[in-house]
Structure formats: C-alpha cells, structure tokens
Amino acid sequence: MAELEGLEFGKSDFVLLDEVTMEQFMENLRLRFEKGRIYTFIGEVVVSVNPYKQMDIYGKEVIEDYRGRELYENPPHLYAVADAAYKAMKRRAKDTCIVISGESGAGKTEASKYIMQYIAAITNPSQRAEVESVKNVLLKSNCVLEAFGNAKTNRNDNSSRFGKYMDINFNFNGDPTGGHINNYLLEKSRVVQQQEGERNFHSFYQVLRGGSDELLKSLYLQRDPAEYAYTSQGASVTLASNNDSLCHKAVMAALKVIGFTAEEISSIYKILSTILHLGSLQFTNDGEHVIIVGEDTVKHISELTSTEAENARKTLLYRTVATGGGEVIEKGHNEKEASYGRDAFAKALYERLFAWIVGRINSVIEVKDYNPALHGKNTVIGVLDIYGFEIFDNNSFEQFCINYCNEKLQQLFIELILRQEQDEYQREGITWQHIEYFNNQIIVDLVEQPHKGIISILDEACLTAGKVTDTVCLDSMNKKLGQHPHYTSRKLCPADKTMEFNRDFRIRHYAGDVTYSVEGFLDKNKDPLFQDFKRLMYNSSDPVLKEMWPDGKMSITEVTKRPLTAATLFKNSIIALVDKLACKEPYYVRCIKPNEVKSSMLFDDGRCQHQVAYLGLLENVRVRRAGFAYRQPYARFLQRYKMTCEYTWPNHLMGSDQEAVEAIVNQHGFEDDVAYGHTKLFVRTPRTLFTLEQERSALIPILVLFLQKVWRGALARMRCRKLRAIYTIMAYYKCYKVKAHFWEVERRFTNVRNMADYGKSVEWPTPPAALVQFHRITQHLYRRWWARQLIKNIPPSDMAEVRAKVAALSALSGERVDWGYSRAWERDYLANAKDSPLTSTNFVRITKELKNKDQYSQILFSCSVRMLNWFNNTKDRALLITDKHIYRLEPKKHFKVQKRIPLDSMRYSERGIWTHSAALQSELPFTITYTHTLNLQFYPYLYVSHVSSGSKSRCLRERRRDKRLGRTNCSIALNLTKYVTLQYIFFMLQLSL
C-alpha cells in the first residue's frame, strides 16, 4: 500500500506508524482527511471518516480494481474489506460479518449501502435471473427501510432510528440466494415528538411532498407538513442531501420491485395518513364527558382503517375494563388519558407498520426450498448497520437503549479483536507482550446484570403494584447502584450541578459520560396500549391491518401472561445479535465523525480524538503491530498450500502436519515472518500470505490440467473397455443371429424334397444384415435346384419348347399378362382344326400345293395377321413361313398367295429388326409387330407394314387406337437381338396364344 499511495497522503495503515501514540495517530488521520483519503487500515479493520461530500471513488472501475484482490494490494477502501469478507466466505466456506460502528452521523448507513452495492456487483457473473432478482430486492430494501426507519436529527440528516442486521445467504458458487433482515428498537417516540431542529421519519414528508394530488385527495391530506401536529415541528427543516419528492418516487418504485402489491402499497400510505390525522385530533371536556373536536377527522380515520366510525370514536374516548367478577365496563378517558392513548396508538401503528414491512421483505428474499445435499453448503455474510453512540441535550429511554447496544458491540470488538487474540497467543505458546486495554464488561453488567442492573430495576418498578413514579425508580437505582464506579446521580453527587435532583442520572460509558433524564422511563418501558385499539385494528376489513394486530383477537376477559417490557425485549434481541455475530468471522468498519457542523473541510481534533479513544483504535493498532495478521491450523494451511512445495505434494511423508508446514515455509524463505504455535501457524505480515496465494494461483491451472488429463485418460479407458465389451457382445450376438437364421432356414426347408411344389410355398425368414448378400445367393441356388427338380421330369422332346418359352418370358416379362405359356406351342396354327376350324382344311390343301411348287421341307410358322397400310387402314391376311419363303396370303380368297419373299433375303439390321433386302436399298425398315385383341381370343394378329422413320407418329396413333378399342397390348416392335436362329422368331410370334 505504501507503494500505491505516496507519503504525501500519510500512512495508509496505522500499523505502519513510526510510534504508536495518540499524537501520531491523529496527525496521520487528519492528513489523510485533508488529502481526501477518508479510509485507512488497521490491519483488516477499516477506519472511515465521514467526508460530508460526494466522492468519485465508488464507480464500476473502482469495483473492478478491488474484485478478487487482497487487502494490501490496493489503497484502503470499503470495497477492500467487503471483498475480504466475501473471499473468506467463498474460499473457506465460513460465515462472515461486517460490523459497522460509530456514533450518529459518522457515515454508517452510507458505508453499509456501498458494501451492499459492491457485493451485488461482484456476484452472479452469469446473470442468472433468479439471482439478479434477489440482488435487486436486497438493494431496493435499503431505500424502503431508510424511508420508514430514518429521520433527520441534529447530528445527521439521514440518521438510522432503528438497528438493522442483514444476513445475505450465498450458494456454493458464491451467488446470493436470499437473505433475512432483523430490525432492533425503532425509535417510535419520534412519531409524536421530536427535538428542536429535527424531523419525524422521512416517510411522512415524502408522501406529503411527493405524493400525487389524487393520492393526497384519497388520503384526505394537505401537501403542507405544517398542517399536522406530528410533522409541523420538522416542516421548516430542510435537508441538503435529500429531496422528499424524488425520494417518494424512488420508494414507490422500490416497493414494486420488491413485490408489494398495489393493495399493500395503498394500505401502507393509508396507515401513514391515519397517523397524521390522529395527531390532528383534539379533545375537550364539555363538563361531564370528554369529546373529540372535529368529527370529520374521526370519519377519515375510520375510512382509512376500514373500521366503523362509531367504534373508532369510542376507542379514542373510552377504555373497556374487566372487573374481578368477570364484568365488563366502559371507562371514559379524561383529556390527558385520551391524548396519551391517541399518541400511544399512533406510535404502535407506525411500529407495527415498520415491522410488517420488514417481514414482508423477508418473505420475498428468504431462501426457499433449500436442500444442503442438493444445493451445497449455504454460507452467510452479515452486515450490521445499527445506531451509533448518542449524547443529546436531553437523553431519554431511547438513548439509554441505543448506548447499551453500542456497549455490547464494543464488548464484542474487545472480545474478538483484543482479548481473544491475546488469549490465543498465550494458549498457542506464542511469545507475546500483553497490551492493556479498557474492558467495558463492567458497564454492560451495570445495565443488564440480573436483579442488579438498571434494566432489572426498571422491570421491577413496572411490575410493582400501586403508583410507582419515575422518581421512585430513580431512588431505587441510587440505592442499588450507588457504589458502582460508572453510575452517579445528583443525589449521590450533590456538588455536580449539571444534573437535576430527582430527574437525572449519569452513566460513564466507554464513549463518554451521558446524563439521562428518568422522566418517561417507566411508561416507555411498559409500552402500554389499550386493548381496545388492538381489537379495533384486528376487526378492520383491511387484511394488511388485520395481519399487523393478531393480538387483537383476544377478548377483554381473557387472562394473558404479562408481556415482557420494552427494555427486556431489546436486551434479549441484542444478546441474540451479539451471539450471532460471535459465531462468524468479523470484519470491522469503524466510522468517525470529523466535526459537528457537517463540514467537508473542518477536522475537529478534540472530537475525533475522543472517538478514537472510546473506539479503542489505538489499542487495536498496538495489538496488530505486536501480533500476527493471519493464523490457521496446520492441517488447513497444509491442505491449501501443499502444492507449492515438492516435499508436501501430493502427500507428505513427515512425522506431523507441523513439520510439513515448516517445509513449505522454509522452501519459500518465510522463517522470520512466522511463528509456530501448538496447533496453528501464525503469519505476521499479509505479504507472506499474498506470495503464497500468488504461487498457488499459478499452480492451480497446471494441477487442473493434470487432473483433467488423468481423468480424461480414465474416461477414455472406461470408454474403450465399454466399446470392447460392446463389440464382443455384438460379435456374439451376430454369431447367434447367423446361427439362428441357419437353424430357421434348415427347419423350414428340411422336407422340401417331399413337398409337391418342392418348397416354393415356403416363406423365407428375414435374414440379419450380415447375411443379406448370402441370403440372395442361397435363394438363387435354391431356385436353380428347384428348377432342376422340375426340368429333370420333362421329356427331352419337350425341351425345345420349354427353352423357347423361357426365352419368351425374358423378352415379354412385364409386357403382357397372358402370353400362352400354359399351352403347347404348335407353330402351324392355320392348319390346326382346333385353332382354325373353318379354314384349316382349305389351308392344308394350299400348303400342299405350295410344297409341291416351292419344294420346302417344313412349315415353320403360320397365323392370321392384320396388315397396316400407308393410310392407316388394316386388312386381314395370313402369314406362312417355311424353311425357304415367307408368304403373305389372302384368307378370303382361299389363301391366295399375294407375296412370296425368300427367306435367305432377310437380314438382321443394326437397328435390331428384321428387314427385306429390297427395303435396305430403299432404307425402309420392314417391321414385324404383333398384337392380341379381346374379340379374337387365342389368335395372334401380326402387323406387317413398311414403316419409315417419319411414320413413327402413325404407329403411335395405332397404338392409341388399339388401347381405345380395349386391346390388352398396343402394337410394339419385336426386339430380336437375343435370338440367333429364325426358329426363335416363330416362337416369339406365338406368344399371344
């Protein structure tokens, strides 16, 4: 830090002072204040001086400078202690707390806000919506609580008139998951009375000056605070730092962000306006009874509280009392009692409203559905912002409680920072020179000791039957506490004329002597409120009001246990608070008020020296200089830093953890900066720890990579073993599927030899993927075997016809449904009496004549044909093919020969058709086509035509015409490329049969 700030700014840590004296301490504090350095360290304690001006040291850039850095890496700042508390919580999973202390006006509230803002800024880097929602509620709650719990005092424009302790819960990632707010001793007497120059709570002035005209009209309010008794005293007091109108808008927005409904917000402002109207009520005596001046105000109050106007009027004027015999009577108030009841009701309304607002905020931010096993350890950072030590001209019961609270917090500071630290050095056997300090336990005992303390005396007086006055109570304190060194009164010290007889007593606090006026002590301690007011509010139709007054449901005749007094309740809550803080690792912000006139230039030496003295800051410096900045059990230190030493990583083989820690320290050369206790290592300067943290941070990525490498290797080996197992299982399963397929095929085809169809009807099983190709080969082999079984029974004389049919099957597959495979192919169909019963005799005669004439040896083929001419006309003809000629015959003229073509003149062209040699010369293909018509069953008709390349369209038209006439096939050209003998042509021409 000395390197970060020049010497012209003084010492940034009071531990670095040349001599620990009050003079040097004050000189350094003054120099830093004048140079604009309002923060100074005492080790891990931050001393903050209120600058009374806005300073540009809280922006985003500054937050980034302090994020994740050690205390000594940057100049002193609130952000440094906030980050230290956050790191301790996150690194060691340890609950921490930040205790902000100092007298009123020293800047505690602002310090707590900056700490909250810093924690909100450094958490939730992934911007998760639910975490952002929690952060917004935590931040906005400050605005609401300040409005309803803070007020302007003579010492402070924004003084907290209540104590606030906020727990912020974090998950294992270090992101806030919720929180809880505890409030302590709201100064409700301020609602009805303020000292000169002070104001009521901010909320009243904000609604009057910032509320819309419609809102004020609905609440029956006027905009001028001077119109109302409870705010008239502070109406003329102006605030330099706050604008009531703007603050009202901010509070309204914050209430909506937190989650208050429109009905709840409306109820809040109705209660505020009810309190203002109560202050305007006046009582007078008409001779017999007390009456209310201005019945309209009562109607407004009843309407705002959703109660009956008559019930409200009776509650203000009468009190219901139960007699010993169980009889219930109404007792009228006198003017004083009515005014007292009105003020008590107003105070109770505001107190319960504030408690309800805190409870409502807690219901929103509380951690819900938390499961440690599922969500990990839940850690906490506590922030305490509580009223500071107060010394006024007139100190009453509230100042007594506030100063007692500060005594308890000072005791905690002494216990944790001074006494426990020195005790720990002695317990661990560390050489240590004892430092004297003032222990304020004697003052705490003066206030809270059972049966002897001031609170016990007050409670005893409140419980005593009969008329017990404040003076009687003061006499009792004088008798019981007269010998106490820190208590005195005018009766015990008659020469001290600064106190009045039968009114004042004085306590010598750690922060100075405070004179208290006993007037009103007993009433404020009893905190009485007539049961009638409680029942009135409980019977309200407003659910918010009803919820605030659960004790109003009891009947007047019900006997209840006497409630605890206000002082006892406060004492119990403060003891619980101190116990809660004691179980956390504390971080301190000690606030100092530089002057009483709120000047940013004036440094009052006497005023500041008094605060330094009673805060024990000088003793803190001495302890820190003589002590050690860091201590840790050997096992925990070793666990965190063992990777920085080759002798301790990954596990040491030494006799004890202390020896292993010594090895780490010796390797880094820190022998002169540490001390070894019985169970802990003590490190004197933070820089030693910083060096270890730096080396650890550099090694962590290497270790992470190493662990990732080892783990990835383990994962890879696991995957490899799994894959090997998978492949083995797959191989065995495939083998099983193959065998199962073979077994199934064998089972199905075992008896195919004995079947009539040789297994043709047997369904093949679906093969596995590995046997698809093998399955096709097997089926092919089976089909060949099956064909062989059929063919071997066919006589050799029929084989030629079978071969022809097989060839025709290949050529006409898919072209015709019925192509005559089921009948015998006889070739000479015109001579067959079965196929041509009318013309067969005549045709046989003609063929004999042609045989004699042309000397052919056999008829290869004969059938009826239909000839297509150039003009798309058809004529029936007969076709006769012998082994020497092709004849075209006229069937209607007794098969007269129209044309005779020698067979050896036919040629097979490259176009895949048979042509006449004469046609080759004229380039006109001679095409043989066939068709089969429905009206001439079983008889083939051949189209024999001369078709040129330009006449293809005519053939297409013929095909369409055949289709239109219902013929099963259009005319198609015969492709003879697969046949090498003319005999096959004739077999092809018989296919239509």
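An unreviewed UniProt entry lists the chain under the name Myosin IG, with Cyprinus carpio carpio given as the organism. Quoted verbatim from the Sequence similarities (unreviewed entry) field of the UniProt record, the comment on the chain reads "Belongs to the TRAFAC class myosin-kinesin ATPase superfamily. Myosin family."

Our focus in this paragraph is the overall build of the chain. Looking only at helices and strands, the chain features 33 helices and 28 strands. Taking all 993 residues of the chain together, 50% fall into the buried category. The contacts of the chain with a sequence gap of at least 6 include a subset with a gap of at least 24, amounting to 63%.

Glancing now at the pairing of strand β16 (residues 585–592). Most of β16 sits inside the fold, with 7 of its 8 residues counted as buried. Bridge count between strand β2 (residues 45–49) and β16: 4 bridges; the pairing is parallel. Residue pairing across strands places Val49 opposite Ile592, the latter belonging to β16. Pairing between strand β3 (residues 96–101) and β16: 6 bridges, direction parallel.

With that settled, the discussion passes to helix α26 (residues 657–668). The terminal C-alpha atoms of α26, which comprises 12 residues, lie 17 Å apart, in line with the 16 Å expected from a rise of 1.5 Å per residue. Those residues of α26 lying buried are Ala660, Val661, Ala663, Ile664, Val665 and His668. Looking at the residues trailing α26, positive phi occurs at Gly669, about 75 degrees.

Okay, unusual backbone geometry next. The residue Ser306 is not glycine, and still its phi comes out positive at about 55 degrees. By secondary structure assignment, the location of Ser306 is in the loop between α11 (295–304) and α12 (309–317). You can call Ser306 partly exposed: its relative accessible area is 25%. A positive phi angle, near 55 degrees, is found at Phe895, a position not held by glycine. Note on placement: Phe895 falls in the loop between β22 (885–890) and β23 (896–902). Its relative accessible area of 3% is what places Phe895 among the buried residues.

Moving on, we come to the packing of helix α6 (residues 202–210) against helix α10 (residues 262–280). Remark: α6 packs on α10, axes separated minimally by 11 Å, with the N-to-C direction vectors making an angle of 100 degrees. Comparing the axis directions of α6 and α10 gives the class roughly perpendicular. Mapping the contact onto sequence places Ser203, Phe204, Val207 and Leu208 in α6 and Tyr269, Leu272, Ile275 and Leu276 in α10. The residue makeup of the contact of α6 with α10, split by class, is 7 nonpolar, 1 polar and no charged.

This brings us to the sheet that holds β16. Taken in spatial order, the 7 strands line up as β1-β2-β16-β3-β12-β6-β7 in an open sheet, and their pairing is mixed. For this open sheet the edge positions go to β1 (39–42) and β7 (176–184), each flanked by a neighbour on one side alone. Shown here is a sheet whose adjacent strand axes are inclined to one another by a mean of 15 degrees, direction ignored. Pairing of β3 with strand β12 (residues 379–385) involves 5 bridges; the strand directions are parallel. Bridge pairing in β12 places Val99 opposite Leu384. Lying over the sheet, helix α24 (residues 617–626) contacts β1, β2 and β16, oriented at roughly 50 degrees with respect to β1.

This model, assessed by the stated rule, comprises 38 salt bridges. The closest approach of N and O atoms between Glu264 and Arg360, which form a salt bridge, is 3.1 Å. Note that Glu264 is positioned in helix α10 and Arg360 in helix α13 (residues 335–365), a separation of 96 residues in sequence. Note on Glu264: relative accessible area 14%, which makes it buried. The salt bridge involving Arg877 is made with Glu890; its shortest N-O contact spans 2.8 Å. Here the residue Arg877 occupies a position in strand β21 (residues 874–882), and Glu890 occupies one in strand β22, the gap between them amounting to 13 residues. The buried category is assigned to Glu890, whose relative accessible area is 8%.

Moving on to the sheet that holds strand β19 (residues 680–683). Sheet strands line up and pair through hydrogen bonds in the backbone, either parallel or antiparallel. Strand order across the open sheet formed by 3 strands is β17-β19-β18, with antiparallel pairing between neighbours. The open sheet has two edge strands with one neighbour each: β17 (630–633) and β18 (674–676). Pairwise comparison of adjacent strand axes, ignoring direction, gives a mean angle of 20 degrees for this sheet. Sheet topology note: the β18/β19 ladder contains 3 bridges and is antiparallel. By the bridge assignment for β19, Ala675 is matched with Phe682. Seen against the sheet, α26 touches β18 and β19 and runs at an angle of roughly 165 degrees to β18.

The subject of this paragraph is a positive patch on the surface. Residues Lys336, Lys467, Lys526 and Arg562 make up a contiguous surface patch of positive charge. Within the element layout of this structure, Arg562 appears in the loop between α21 (543–548) and α22 (566–582).

This next bit is on the packing of aromatic side chains. Here the distance between the centres and the angle between the planes together describe a pair of aromatic rings. Going through the model one piece at a time under the given rule, you end up with 32 aromatic pairs. Residues Phe345 and Trp549 carry aromatic rings whose centres are separated by 6.4 Å and whose planes lie at 50 degrees to one another, so their mutual orientation is tilted. Of the two residues, Phe345 is situated in helix α13 and Trp549 in the loop between α21 and α22; the sequence distance between them amounts to 204 residues. In this pair, the class of Phe345 matches that of Trp549, namely buried. Three or more aromatic residues joined by ring pairs make a cluster, and in this case those are Phe397, Phe400, Tyr487, Phe505, Tyr516 and Phe521. Above the plane of the ring of Trp549 lies Arg352, whose end atom (NZ or CZ) is 4.1 Å from the centre.

Our focus in this paragraph is the environment of Trp356. Relative to the assigned elements, Trp356 resides in helix α13. For Trp356, a relative accessible area of 9% gives the class buried. Taking the C-alpha atoms as reference, Trp356 lies 9.8 Å from Ile268; in sequence the two are 88 residues apart. Aside from chain neighbours lying at most four places away, what touches Trp356 is Phe260, Glu264, Ile268, Val544, Glu547 and Met548.

Calculation rules
- Residues numbered from 1 in each chain as written.
- Predicted model: local features only at pLDDT ≥ 70, side-chain atom pairs only at ≥ 80, totals over all residues.
- Heavy atoms only, no water.
- UniProt positions renumbered as here; feature names shortened; annotations may be inferred.
- Helix = DSSP H or I, 4+ residues; strand = E, 2+ residues; numbered from the N terminus.
- Buried < 20%, exposed > 50% of the residue type's maximum accessible area, 1.4 Å probe, protein only.
- Contact = heavy atoms within 4.5 Å.
- Pairing = 2+ DSSP bridges.
- Expected span 1.5 Å × (residues − 1).
- Axes fitted to C-alpha atoms, helices over the stretch in contact; angles between N-to-C directions.
- Parallel < 35°, antiparallel > 145°, perpendicular 65-115°, else oblique.
- Nonpolar A, V, L, I, M, F, W, Y, C, P; charged D, E, K, R; others polar.
- Salt bridge = Lys/Arg side-chain N within 4 Å of Asp/Glu carboxyl O.
- Patch = residues over 30% accessible without salt bridge, like charges linked within 9 Å, V, L, I, M, F, W, Y side chains within 5 Å.
- Areas by Shrake-Rupley, 256 points an atom, 1.4 Å probe, with all protein chains shown as cover.
- Lys, Arg positive; Asp, Glu negative; His and termini not counted.
- Charge placed at Lys NZ, Arg CZ, Asp CG, Glu CD.
- Phe/Tyr/Trp six-rings, centres within 6.5 Å; stacked < 30°, edge-to-face > 60°.
- Lys NZ or Arg CZ within 6 Å of the ring centre and 35° of its normal.

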